[in-house]
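Here is how the chains run, residue by residue.
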Amino acid sequence: MKLRYSTRLAFSLFVTTAVAGVLSAPAFAEPVGWNAADWELEDSEFEPESGWHFGKLDNGLRYIIRRNSRPENTALVRMDIAAGSLDERAEERGYAHYVEHMAFNGSTNVPEGEMIKLLERLGLAFGADTNASTGFDRTQYKLDLPRADEELLDTALMLMRETASELDFDEQAVQREKGVILAERRVRNGYALKNTVDSLEFAYPGSLLAGRLPIGTAETLEAADAAALRGFWEREYVPADTVIVVVGDFDPAMVEAKIVERFADWQSASSPDQPPAGPIDPDYRGTTDIYLDPALTETIAIARHGPYVDKPDTAAERRAAVLRQVASGALSRRLQRLQRSEDPPFRGVGFSTSDAFEAGRTTTLSVASEEGRWRRALDVAVDEYRRALTHGFSEAEIAEQLANMRTGLENAVANAETRSNAALVGQALAVAQGTFVPTAPADALARFEALAPEVTSAEVLAALRAESIALDEPLIRFSGKTAPEGGEAALRAAVEAAFARPVAPPQDTAAAEFAYTDFGPAGEVVADSRTAALEIRTIRFANGVMLNLKPTDLADDRVTVNFNLDGGKMLASRADPLAVELTGLYTAGGLGKHSRDELQSILAGRSVGAGFGAGDETFAGGATTTPRDLELQLQLMAAYLTDPGYRAEGLGPWQRSLADFFARLGRTPESALGEGLGPLLSDQDPRFTRQPLEAYRALDYEQLSATIGERLANGAIEIALVGDFDEEEAIRMVAQTFGALPPREPAFRAYEGDTRERSFTDSRETVTLTHGGEPDQAVLRMVWPTADDSDWARTSRLTLLSRVMRLALTEKLREELGQTYSPSVDSSPSDTYRDYGTFSLGAAVDVAQLDAAQAAMEETVRTLIEQGPDADLVERARQPVLEGLDNRLKTNGGWMGLVARAQSEPENIARFLEAKERQLAITPEELQTLAAQYLDPASAVRVRVVPEAGAGG
C-alpha cells in the first residue's frame, strides 16, 4: 500500500476550507470484516457501526459495502485511487487528470467511444450519473446506478476494472482527447484560477501544492503522448492504492462475491510513496503580496504556517474537536453579526486553521471589502479576532453553539435508518482516505450529552488558542482591482497597528422569546379530499388558503415545507423591470419584532429556515424541518408573511456589493453571453435586460413593500408538506397559522395581457459580443424560437430532441474534433409566456476555432434534419429520461414537485404519470420532423463572444 497523506482537514491557503471534527462513539454491534490496519486507522479508538462490510483482497485492493434503500432500488459505485497531481513528476503535470479522461476512451474489453454509450443504454447520463474527478492526492470514478440490479452492477464493476488495469492509451485517442483537456483548461483559465495560483505560490513557495494543480500546464499537456500517460497509469494505478465502494439496495454478500470475482486476478504491484505536499515552512513570515485583476473583489488576508499536528481518532481528540467547533462557531457568529449591519465593515470575512494535507497547517484571517475600504474592514476583523482570543466567549454564545450541535446530532439519530446513499458514500470515503471511523449516530449523541454539561468558556477559549497559530509577522496578501495607496508598506503598517490596539471585552446579549405564536382563531377546513392519482390530500380553509399533504417514509424525521404566494415576476413590467428585484433579500430584513440576527439566536437548536424569492408567477419559499419543529416552521413562515421587518440592515451587504458585481460583468465569455443574450433575443425588453447600476442603487425596502404588500395581504396561498408527519397534526398547525389569517383570494391570478407576452427577435444576423477574459477564450451560441409548454407531447419530443442533439454534438465537437470540453444543448418551452420557447446549442472554444465549431454545429443540425437520428442514438438519449421518471418519487424532493401546486395546477400530476408513455412513443422520424420544423440553421440567432482588444493582459 502506498504511503499517502490523509486529509483529515482540507488544505487551506488564503481561500480556506475546514472540515469540522465529528463526535462519535463505538457502536455495540461489530461490522463485518473490519481491520483498522487495512485502513491506516490503527490509532482510532472506535469501531464502525453495524451494517458496514469491509474487505481486502490478497493483491491489496480494499472494498467497502453498505446495504441501503434510500433512494429505493438504486446504488452508488465509487472507485477511489490514491493517485493525484501530487504523484506527478515535473514533466507529468496534468497527467493524473489526463488519465482520468482516457478512462472513457477505450480498454481491453470496451472499444474506444463505447464506454459512455454502453452506460447511456443502461440509463446513466454522462456527467449526471457517469463522472470522475481528480484532486491533489486521489482520483475518483463515479457511477450512479438508477437500478440496483445485478446486471447493472456487473457492468459497473467491469468498467471500474477496465479503468484500473485494462486501458488502451491508443495514440490517436490520446491526441484527440488532448484537445478536450486543453479546452477544459482554457475554460477554467480565468481570473479566479489565476488568483488561486498566485495565492498558492505566495502562501506555499516552492511546494508541490503550488506546483501541481490538477489541471496541469499547457506545456506538459501539449507534450503528452500515449507512452508517457501509460507510464504514469501503470506506476500509480495499483491494487493496494485502490478502494471500491458500493452503497445501495444490494445484498452485501453478493456484492462482495462480484468484487472478488472481478478484481482478485489483478496483479499486485507497488507504486512510489506519494510525495508530501510541502515543503511548508513555519518560519515563513513577514512577506507581502499584491495581486491585481479588474474582476477581483478587494480582499486582504493575513496568515501564518505551523507544523502539521497529527490528530488520532481518539475519544480525547473528538472531545477537543467539539470544543474547537464551539469556538469556531461562536467567532463566526460575531463576524456574521457585523457583516449584517446597515453599514457593514466588510463584504465577507473568514477565520480558520486548516491542514495543508500533512505538510503543515495554516491559520488565516481573510476579509473582503468595498473598493478602497480595506483598512476599515481589516481593523474590525482583527479587533473581533483578538477580542475572542483575549476575552473568550460568553455562556450564552457557547450555549447557542451547543444547541445547534445537539440538534444536528438528534436529527442524525432520528434519520439514521433512512440515510441517503450519498451520505453513506461520504462516510465510506472518509474510511478509504484514513480520515475517521464512522460510528452510530446514537453513540455520537450520547457522548455529546455526556460532554455538553462540562463545556466551559475557559475550555473553549483554550481550544481556540491551542488550534490557532499566532498571527505575528504574518504573511499579508492583498488582491483586488487597484493597489492600496502606499503599497506593501501601508498594508504591513495597517496590520501592525491593528494588532497593537487594545480590545475591550464583548458585550453580553440575551436571546428573546419568539414573538409569533398567535395568529388568531384557528381556520376552519371547508374542503378535504384526495387526488385520484398519487393520493395527495388537498385541504382548503375558510380564508382561501390551500394545503396539500403527502406523508412518506422516504426520510425519517424529515418534513419538507413549501409555500407559493400569488405574484412573483408577474408584478414586474417593462416600465418597472426591477419591481421585485429585492425579493431575495426580503427575509434579510427580519421581522417586525425580531431582527434577522436576533432570530438566529432565538431559533438556535431548532430545525427551521425561511426562504423567499420571486418565481415567474409566484413568490415561493421552502424549508426542511422535523416533526417536532414543524409548528415553529409554519409560525416563522406566517410571521414573515404578515409582519416583515424591512430593516435597512438587510440591504447593507447587498448594496455594498453592487459596484463589485458590476465590475465583474463581462470578465468571462460566459458572463458576457449571459448579459448580452437576454436583451438580444427580446429586442431590449427591459424585463430581460440588465439595468444600469444606478437603478439597483435606487432600490430599497420601501419600494419593495409598496410593490408586494398587497400580494402579501391578499394573494392566494398554497402550502405543501411532504415527508414524515401526522396529517391531522399538520392540518391543526396550518389552521393555527396560515389558516388563521384574514380572507385571501381563492385562486392564483391569470395575469393576462402584456405580462404573458415575450417576443423573440426577428433579426437573424450573427451578433458579436466581447468579453474581458483571456485572449484565447470564445463562446458560440445558436438559438431558435420554438413554442410554449402547453402541448405535452410536443414538450416531451423537444426534451428528447435536446438530449439527442447533446449526444450528437458531444460526439462531433468533443470526441471527433476535440474542440470543446462540454457542449451545451437546451430546450426551454415556457410555461409562463404564451407561444414562447427556445432551443439552443452552445460551446466554449478557442477563439481560433470559432468558424470550425460553427460549421460543425450546423453540420450536426443539418445531418439530424436530413437523415434523422438512428435508433441507438435515440435510445441512449431516452433511457436516462425514463430512469429519471421511474426514480422521481423516491425522494421527498421529487414528490414536492407534484404536491406543491396540486390544487392550483392539478394537471401536473397527469402530465407526470403520462410522461413515460409519451417518451416511449416518440420515434426517430418524429424527432427528425421536429428538428426540421424548428432547427433550420438559417433561422437561428448566432452569437459569438470574443475577447476585447487587449483582453487577458
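None of the values given here were measured: they were computed from a predicted structure.

*Asks:* Hey, could you run me through the overall build of the chain in this one?
*Replies:* Tallying secondary structure elements over the chain gives 29 helices and 23 strands in all. The C-alpha atoms of the chain give a radius of gyration of 29 Å, which matches the 30 Å a tight globule of 953 residues would have. The C-alpha extent of the chain, read off along each of the three principal axes, is 75 × 70 × 65 Å. Here the chain holds 953 residues, and the buried ones make up 58% of them. Counting contacts in the chain only where the partners sit at least 6 residues apart, residues at least 24 apart contribute 84% of the total.

*Asks:* I keep staring at the packing of aromatic side chains and nothing clicks. Help me out?
*Replies:* Two aromatic rings are characterised by how far apart their centres lie and by the angle between their planes. Inspection of every chain in the model, using the stated rule, returns 24 aromatic pairs. When the ring of Trp-39 is compared with that of Phe-54, the centres are 5.9 Å apart and the planes differ by 65°; the resulting orientation is edge-to-face. Residue Trp-39 is found in the segment before β1 (52-56), and its partner Phe-54 is found in strand β1; the two are separated by 15 residues along the sequence. The burial state of Trp-39 is the same as that of Phe-54; both residues are buried. Put simply, the rings of Phe-563, Tyr-586, Phe-612, Phe-619, Tyr-640, Tyr-646, Tyr-701 and Phe-738 touch in pairs and so form one group of aromatic residues. Over the ring of Trp-52 we find Arg-66, and its NZ or CZ is 5.0 Å from the ring centre. In this arrangement the basic side chain of Arg-901 is found over the ring face of Phe-748, its NZ or CZ atom lying 4.4 Å from the centre.

*Asks:* Is there a simple way to think about the packing of helix α11 (residues 374-391) against helix α15 (residues 457-467) in this case?
*Replies:* Each pair of packed helices can be summarised by the angle the axes make with each other and by the distance between the axes. Here α11 crosses α15 at 120°, and the two axes come no closer than 8 Å. Relative to α15, α11 is oriented oblique. Contacts between α11 and α15 involve Ala-388, Leu-389, Thr-390 and His-391 from the first element and Leu-461, Leu-464 and Arg-465 from the second. Taken together, the residues of the contact of α11 with α15 sort by class into four nonpolar, two polar and one charged.

*Asks:* Which parts of the structure should I look at to understand the environment of Gly-211?
*Replies:* Examined against the element boundaries, Gly-211 turns out to sit in helix α6 (residues 208-211). For the pair formed by Gly-211 and Ala-277, sequence separation is 66 residues and the distance between their alpha carbons is 9.4 Å.

*Asks:* Just to check I follow, could you spell out the sheet that holds strand β18 (residues 717-723) for this structure?
*Replies:* Where strands meet in a sheet, backbone hydrogen bonds hold them as pairs that are either parallel or antiparallel. Here we have seven strands laid out as an open sheet, ordered β12-β13-β14-β18-β15-β17-β16, and mixed in their pairing. A single partner strand is all that each edge strand has here, and the edge strands are β12 (525-530) and β16 (613-614). The strands that helix α23 (residues 727-736) touches are β12, β13 (537-541), β14 (546-551) and β18; relative to β13, the one it contacts most, it runs at about 25°. The strands touched by helix α27 (residues 892-899) are β14, β15 (559-566) and β18; relative to β18, the strand with the most contacts, the crossing angle is about 155°.

*Asks:* Just checking my understanding: could you explain the pairing of strand β9 (residues 348-355) for this structure?
*Replies:* On a regular strand, each side chain points to the face opposite its neighbour's, so the side chains alternate between the two faces of the sheet. The element β9 is largely enclosed, with a buried count of six among its eight residues. The sheet contact formed by β9 and strand β10 (residues 361-369) spans eight bridges and is antiparallel. Opposite Ser-352, over in β10, you have Thr-364 as the bridge partner. What sits between β9 and β10 in their antiparallel hairpin is a turn of five residues, with Phe-357 showing a positive phi close to 50°.

*Asks:* For this particular structure, what's the right way to read the sheet that holds strand β8 (residues 298-306)?
*Replies:* What the five strands build is an open sheet, ordered β7-β11-β8-β10-β9; its pairing is mixed. What marks the edges here is a single partner per strand, and that holds for β7 (288-292) and β9. Here the average twist between neighbouring strands, direction ignored, is 15°. Note that β8 and β10 share nine bridges and pair antiparallel. Bridge pairing in β10 links Ala-303 to Thr-364. Packing against the sheet, helix α5 (residues 191-203) makes contact with β7, β8 and β11 (475-480), and its axis sits at approximately 165° to β11.

*Asks:* Please clarify how unusual backbone geometry should be interpreted in this entry.
*Replies:* What is expected of a backbone is that most residues other than glycine have negative phi and most peptide bonds are trans. With an omega of -5°, the peptide bond between Arg-70 and Pro-71 qualifies as cis. With respect to the helices and strands, Pro-71 occurs in the loop between β2 (62-67) and β3 (75-81). A cis amide bond, omega 10°, links Gly-278 with the succeeding residue Pro-279. Residue position: Pro-279 is located in the loop between α9 (252-263) and β7. Unusually for a residue other than glycine, Phe-357 sits at a positive phi of about 50°. As for its placement among the helices and strands, Phe-357 is situated in the loop between β9 and β10. Although it is not a glycine, Glu-473 adopts a positive phi angle of roughly 45°. By secondary structure assignment, the location of Glu-473 is in the loop between α15 and β11.

*Asks:* Can you walk me through a negative patch on the surface in this structure?
*Replies:* Negative charge collects at one region of the surface, where Asp-168, Asp-170, Glu-171 and Asp-225 lie side by side. One can find Glu-171 in helix α4 (residues 171-188).

*Asks:* Which parts of the structure should I look at to understand helix α28 (residues 907-921)?
*Replies:* An α-helix turns once every 3.6 residues. As a result, residues three or four positions apart point the same way. Here α28 spans 20 Å end to end across 15 residues, near enough to the 21 Å set by a 1.5 Å rise per residue. Along α28, the sharpest kink reaches roughly 40°, centred on Glu-914. Three or more residues of α28 are buried, namely Ile-909, Arg-911, Phe-912, Ala-915, Arg-918 and Gln-919.

*Asks:* Just to check I follow, could you spell out the confidence of the model for the chain for this structure?
*Replies:* The predicted coordinates ought not to be read in detail in places where the model reports low pLDDT. Taken over all residues, the pLDDT of the chain has a mean of 94, while the share at 70 or more is 97%. For the stretch residues 3-28, pLDDT sits under 50, and the model shows 108 contacts to residues farther than four places along the chain or on other chains.

*Asks:* What should I look at first to understand the pattern of salt bridges in this one?
*Replies:* Pairing between side chains of opposite charge can happen when their charged atoms approach one another. Summed over the entire model, instances satisfying the criterion amount to 88 salt bridges. Two residues, Lys-56 and Asp-38, come together in a salt bridge whose shortest N-O distance is 3.8 Å. Of the two residues, Lys-56 is situated in strand β1 and Asp-38 in the segment before β1; the sequence distance between them amounts to 18 residues. The shortest N-O distance in the salt bridge between Arg-834 and Glu-752 comes to 2.6 Å. Of this pair, Arg-834 sits in the loop between β21 (824-829) and β22 (837-846) while Glu-752 sits in the loop between α23 and β19 (767-771), and the two are 82 residues apart along the sequence.

*Asks:* Would you take a moment to explain α11 for this structure?
*Replies:* Taking 1.5 Å per residue as the helical rise, α11 with its 18 residues ought to reach 26 Å, and the 25 Å between its terminal C-alpha atoms agrees with that figure. Along α11, the residues that are buried comprise Trp-374, Ala-377, Leu-378, Ala-381, Val-382, Asp-383, Glu-384, Tyr-385, Arg-386, Arg-387, Ala-388 and Leu-389. Within two residues after α11, Gly-392 carries a phi angle of roughly 75°, on the positive side.

*Asks:* What should I look at first to understand the environment of Tyr-284 in this one?
*Replies:* Position of Tyr-284 relative to the elements: it lies in the loop between α9 and β7. With relative accessibility at 16%, the residue Tyr-284 sits in the buried group. Put simply, Tyr-284 and Val-425 are 141 residues apart on the chain and 38 Å apart in space, counted from C-alpha to C-alpha. If we skip the residues at most four places from it in the chain, Tyr-284 touches Phe-202, Ala-203, Pro-205, Arg-304, His-305 and Leu-475. Side-chain polar atoms of Tyr-284 contact the backbone oxygen of Phe-202, separated by 2.7 Å.

*Asks:* Just checking my understanding: could you explain the packing of α11 against helix α16 (residues 487-500) for this structure?
*Replies:* With their axes 9 Å apart at the nearest point, α11 and α16 run at an angle of 35° to one another. Relative to α16, the crossing made by α11 is right-handed. Contacts from Trp-374, Arg-375, Leu-378, Asp-379, Val-382, Asp-383, Tyr-385 and Arg-386 in α11 reach Ala-490, Leu-491, Ala-494, Val-495, Ala-498 and Phe-499 in α16.

*Asks:* Just to check I follow, could you spell out the side chain of His-305 for this structure?
*Replies:* With respect to the secondary-structure elements, His-305 resides in strand β8. Classification of His-305 by relative accessible area gives buried; the value is 3%. A distance of 2.7 Å separates the side chain of His-305 from the backbone oxygen of Ala-203, its partner in a polar contact. Looking at His-305, its side chain comes within polar contact range of the side chain of Thr-362, at 2.9 Å. Ignoring anything within four residues of it in the chain, the contact list for His-305 reads Ala-203, Tyr-204, Ile-280, Asp-281, Pro-282, Tyr-284, Arg-361, Thr-362, Ile-469 and Leu-475.

*Asks:* Explain the environment of Arg-942 here, please?
*Replies:* Examined against the element boundaries, Arg-942 turns out to sit in strand β23 (residues 941-947). Once the C-alpha coordinates of Arg-942 and Ala-359 are considered, the two residues, 583 residues apart in sequence, prove to be 51 Å apart. Contacts of Arg-942, omitting those with residues within four sequence positions, involve Glu-765, Thr-766, Val-767, Arg-781, Met-782, Gln-854, Glu-858 and Pro-937. Side-chain polar atoms of Arg-942 contact the side chain of Glu-858, separated by 2.8 Å. Among the polar contacts made by the side chain of Arg-942, one reaches the main-chain carbonyl oxygen of Pro-937 at a distance of 2.7 Å.

What counts and how
Residues numbered from 1 in each chain as written. Predicted model: local features only at pLDDT ≥ 70, side-chain atom pairs only at ≥ 80, totals over all residues. Heavy atoms only, no water. Helix = DSSP H or I, 4+ residues; strand = E, 2+ residues; numbered from the N terminus. Rg over C-alpha atoms; globule rule 2.2 N^0.38 Å. Buried < 20%, exposed > 50% of the residue type's maximum accessible area, 1.4 Å probe, protein only. Contact = heavy atoms within 4.5 Å. Phe/Tyr/Trp six-rings, centres within 6.5 Å; stacked < 30°, edge-to-face > 60°. Lys NZ or Arg CZ within 6 Å of the ring centre and 35° of its normal. Axes fitted to C-alpha atoms, helices over the stretch in contact; angles between N-to-C directions. Parallel < 35°, antiparallel > 145°, perpendicular 65-115°, else oblique. Nonpolar A, V, L, I, M, F, W, Y, C, P; charged D, E, K, R; others polar. Pairing = 2+ DSSP bridges. Patch = residues over 30% accessible without salt bridge, like charges linked within 9 Å, V, L, I, M, F, W, Y side chains within 5 Å. Areas by Shrake-Rupley, 256 points an atom, 1.4 Å probe, with all protein chains shown as cover. Salt bridge = Lys/Arg side-chain N within 4 Å of Asp/Glu carboxyl O. Lys, Arg positive; Asp, Glu negative; His and termini not counted. Charge placed at Lys NZ, Arg CZ, Asp CG, Glu CD. Expected span 1.5 Å × (residues − 1). Bend = angle between axes of the 7 residues up to and from the residue. pLDDT = per-residue confidence, 0-100. Polar contact = N/O pair within 3.5 Å; in protein donor to acceptor, adjacent residues only side chain to side chain. Left-handed = near helix turned anticlockwise from the far one by under 90°.

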